[in-house]
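Summary of structural features
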Amino acid sequence: MSLAFCKGVILLTNFLAHIQWVSYDNGGRKSLPEIGVTYYPHIILDKDISRTSWSIAFTVVPCDCDRKCTISFRMLVDNDGTRQFAAGMCSGDLFGLYEGKRLVAQGAIVEIAK
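Calculation notes
Residues numbered from 1 in each chain as written. Predicted model: local features only at pLDDT ≥ 70, side-chain atom pairs only at ≥ 80, totals over all residues. Heavy atoms only, no water. Helix = DSSP H or I, 4+ residues; strand = E, 2+ residues; numbered from the N terminus. Buried < 20%, exposed > 50% of the residue type's maximum accessible area, 1.4 Å probe, protein only. Contact = heavy atoms within 4.5 Å. Areas by Shrake-Rupley, 256 points an atom, 1.4 Å probe, with all protein chains shown as cover. Salt bridge = Lys/Arg side-chain N within 4 Å of Asp/Glu carboxyl O. Pairing = 2+ DSSP bridges.

Turning our eyes to something else, we now look at the overall build of the protein chain. Assigned secondary structure in the protein chain consists of two helices and seven strands. Its helices and strands taken in sequence order, the protein chain reads α-β-β-β-β-β-α-β-β from the N to the C terminus. Here the protein chain holds 114 residues, and 36% of them are scored as buried. Partitioning the contacts of the protein chain with sequence separation of at least 6, the portion at a separation of at least 24 is 61%. For the protein chain, the exposed surface amounts to about 6,700 Å²; the carbon and sulfur share of it is 54%.

This is how it looks when you write it as structure tokens:
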């Protein structure tokens, strides 16, 4: 997705989360996204039995040697569905980040900035 496509999109509340990128050997990305790039994966909360995916956006930050980092993300679209989804997120919630059906990272919500 290009930045031009996202022009004018209203982004919602910031969520602080710890993530760990899945290794290529375990089905993740061959290489991590470039640091500083805005990345647009889908998020699925572990507690969501419907397994509904939602688009998010965050700027890629450096990770430690275990492929762990802390990110600040936002929902990509502002509508009733994303507001309801975001309102249901709590600190400690576990989630997966996906590119299509590929799990690329796992994480946990640390803080919700209102």
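That was the structure; now back to the text.
Inspection of the secondary structure puts W21 in strand β1 (residues 14-21). Taking relative accessible area as the criterion, W21 reaches 3% and is therefore assigned buried. For the pair W21 and A105, spaced 84 residues apart in sequence, the C-alpha separation works out to 4.1 Å. Setting aside residues no more than four positions away along its own chain, W21 makes contact with R29, L32, P33, Y39, F58, C63, R67, C69, V104 and A105.

Taken as a whole, this structure holds four salt bridges when the rule is applied. One salt bridge in this structure joins D93 and K47, with 3.0 Å as the shortest N-O distance. Residue D93 is located in the loop between α2 (80-87) and β6 (94-99), and its partner K47 is located in the loop between β3 (42-45) and β4 (54-59); the two are separated by 46 residues in the primary sequence. Here K47 falls in the partly exposed class, since its relative accessible area comes to 47%. Where R83 meets D78, a salt bridge forms, and the shortest distance between an N and an O atom there is 2.8 Å. When salt bridges that share partners are traced, they join D78, D80 and R83 into one network.

Below, the discussion takes up the pairing of β4. In terms of strand pairing, strand β2 (residues 38-39) meets β4 through two bridges, oriented antiparallel. Paired with T38 across the strands is T59, a residue of β4. Of the pairings in the sheet, the one linking β3 to β4 comprises two bridges and is antiparallel in character. Across the sheet, H42 pairs through a bridge with S55, a residue of β4.

Take the environment of Y24 next. Relative to the helices and strands, Y24 resides in the loop between β1 and β2. What makes Y24 partly exposed here is its relative accessible area of 48%. With 80 residues separating them in the primary sequence, Y24 and V104 have C-alpha atoms 8.7 Å apart. When sequence neighbours within four positions are dropped, the list of residues in contact with Y24 reads R29 and K30.

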